[in-house]
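Notes for the structure review
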Amino acid sequence: MSRPRPRREAAETPARSGASSASAGFSLGNYLTLHAQALIATLGQLTRRPFATLMTVAVIGIALALPAGLYVLLSNAQRMIGGWEGANQISLFLKSEISAARAQQLAGQLRQQPTIAAIDYISRDDALEEFRRLSGFGEALGALTENPLPAVLVVHLKREVSEPARIEQLLAELRQRPEVDIAQLDMQWVKRLYALMAMVERAVIVLASLLGVAVLLVVGNTIRLAIHGRRDEIVISKLIGATDAFIRRPFLYSGAWYGLGGGLLALLLVEFSLVVLEQPVHNLALLYNSGFALRGLDAATSALLLGGGALLGLLGSWLAVGRHLRDIEPT
């Protein structure tokens, strides 16, 4: 007469610990202890296979570093563009009958607006002298009996006022001023620039999504091989009453460790790339008399990269274990 197969207990207790689930019962302390044991034991298993672990972590790290690096470059580009004064500058050509005193009074009124940082006043004589110096028509201008150029107010907006919609709204308000003849701003290149930045942002999101799927596949395939390599151990664990949740736990933590290691490697790769680019960018900024410098990932984004990597690894492991663990049953 064959021996009856042991029943699976509802509480999860590892067979190696020697404690039965019936006697121990369920408690939060036991539950957390089991997870802590699985977390540490899984890390030990991965460190005993350094080459295979490093290869998997390297693939995940490169996959995560690509969108993270593009995000850093995009953030620096947006910061650099935000510092361009050309995008935040409006030229107000005043009517010819407006006196210098009235122009100065208008400049003082505009400086009170919260969106305006500074205003430069260019008188009619200064405008004529600058045009004479830069145009090359000095002799022809000398034949004029009167100055045809108007006074100009150059309005510098604050850096936070950089969206095309806000600039256009302010431009329309300035055009309504009775002293203003023409309010000029080349908005076309600003719109194109922001459209390009929006396209790059969308491309980063798409690339991050595709590479996130790649991370899921890499982790899932790695865990699948680990499951097949420990098939006999899984069969024995099921024969002595181990639950699927207990068997699944170390594989889930393995995936989380892979993802966390990949996120850490991605963070190091991004920072290393910024160090390599730092000097050329600094030299280029000096040519334009700018103090621009590259900035890396901040603390919140770094934490998001590490947490996202661990979450992708956990999810990839969950999908692989859920599919392949059902195929392994004692016979």
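For every chain, the first residue of its written sequence is number 1, and the numbers climb from 1 along that sequence. Confidence filtering applies because this is a predicted model: local features only for residues at pLDDT of at least 70, side-chain atom pairs given and counted only at 80 or more, and all residues used for totals across whole chains, interfaces and linings. Based on all heavy atoms of the structure, the side-chain values leave hydrogens and waters out of the count.

Looking now at the overall build of the protein. Secondary structure is summarised from DSSP: a helix means a run of H or I of at least four residues, a strand means a run of E of at least two, and numbering begins at the N terminus for each. Within the protein, the regular secondary structure consists of 11 helices and four strands. Per-residue accessibility, obtained with a 1.4 Å probe over protein chains only, is compared with the maximum for each type, and a residue is labelled buried under 20%, exposed over 50%, and partly exposed between these values. A buried classification covers 34% of the 331 residues belonging to the protein. Put simply, 82% of the contacts in the protein that link residues at least 6 apart link residues at least 24 apart. Summed over all atoms, the accessible surface of the protein reaches about 20,100 Å², with 62% contributed by carbon and sulfur. The contact criterion used throughout is that any non-hydrogen atoms of two residues lie within 4.5 Å. Using a 1.4 Å probe, the Shrake-Rupley method yields the accessible areas, and only the shown protein chains count as cover for residues.

Patch definition: residues above 30% relative accessible area lacking any salt bridge, with like charges linked at up to 9 Å and the nonpolar side chains Val, Leu, Ile, Met, Phe, Trp and Tyr linked at up to 5 Å. Salt bridge, as applied in this entry: a Lys or Arg side-chain nitrogen positioned within 4 Å of an Asp or Glu carboxyl oxygen. Taken together, Leu 28, Tyr 31 and Leu 32 make up a surface patch of nonpolar side chains, about 310 Å² in accessible area. By secondary structure assignment, the location of Leu 32 is in helix H2 (residues 28–47).

Once that is clear, we can look at the confidence of the model for the protein. With 79% of its residues at a pLDDT of at least 70, the protein reaches an overall mean of 79. Per residue, pLDDT measures the predictor's confidence, with a range of 0 to 100. Averaged pLDDT values over the elements of the protein bottom out at 40 in helix H1 (residues 21–24) and peak at 90 in helix H11 (residues 299–324).

Aromatic pairing here means that ring centres of Phe, Tyr or Trp (its six-membered ring) are within 6.5 Å. Orientation follows from the plane angle: under 30 degrees is stacked, over 60 is edge-to-face, and everything else is tilted. Summed over the entire model, instances satisfying the criterion amount to zero aromatic pairs. In this analysis the charged atom, NZ for Lys or CZ for Arg, is taken to sit over a ring once it is within 6 Å of the ring centre and within 35 degrees of the ring normal. One cation-aromatic arrangement involves Arg 248 over Trp 318; the distance from NZ or CZ to the ring centre is 5.2 Å.

Comment: axis = line fitted to C-alpha atoms, over the contacting stretch for helices; angle = value between 0 and 180 degrees taken between N-to-C directions. The N-to-C vectors of H2 and helix H10 (residues 244–287) enclose an angle of 60 degrees; their axes lie 9 Å apart at closest approach. It follows that H2 is oblique to H10 by the angle criterion. Handedness of the crossing formed by H2 with H10: right-handed. Between H2 and H10, the contacting residues are Leu 34, His 35, Ala 38, Leu 39, Thr 42, Leu 43 and Leu 46 on the first element and Arg 249, Pro 250, Tyr 253, Ser 254, Trp 257 and Tyr 258 on the second. For the contact of H2 with H10, a count of residues per class yields nine nonpolar, three polar and one charged. Any angle between 65 and 115 degrees counts as roughly perpendicular, while under 35 counts as roughly parallel, over 145 as roughly antiparallel, and the rest as oblique. By the definition used in this description, the sense in which the near helix is turned from the far one sets the handedness, with an anticlockwise turn below a right angle giving left-handed and a clockwise turn giving right-handed. Under the scheme applied, nonpolar residues are Ala, Val, Leu, Ile, Met, Phe, Trp, Tyr, Cys and Pro; charged residues are Asp, Glu, Lys and Arg; polar residues are all the others, including Gly.

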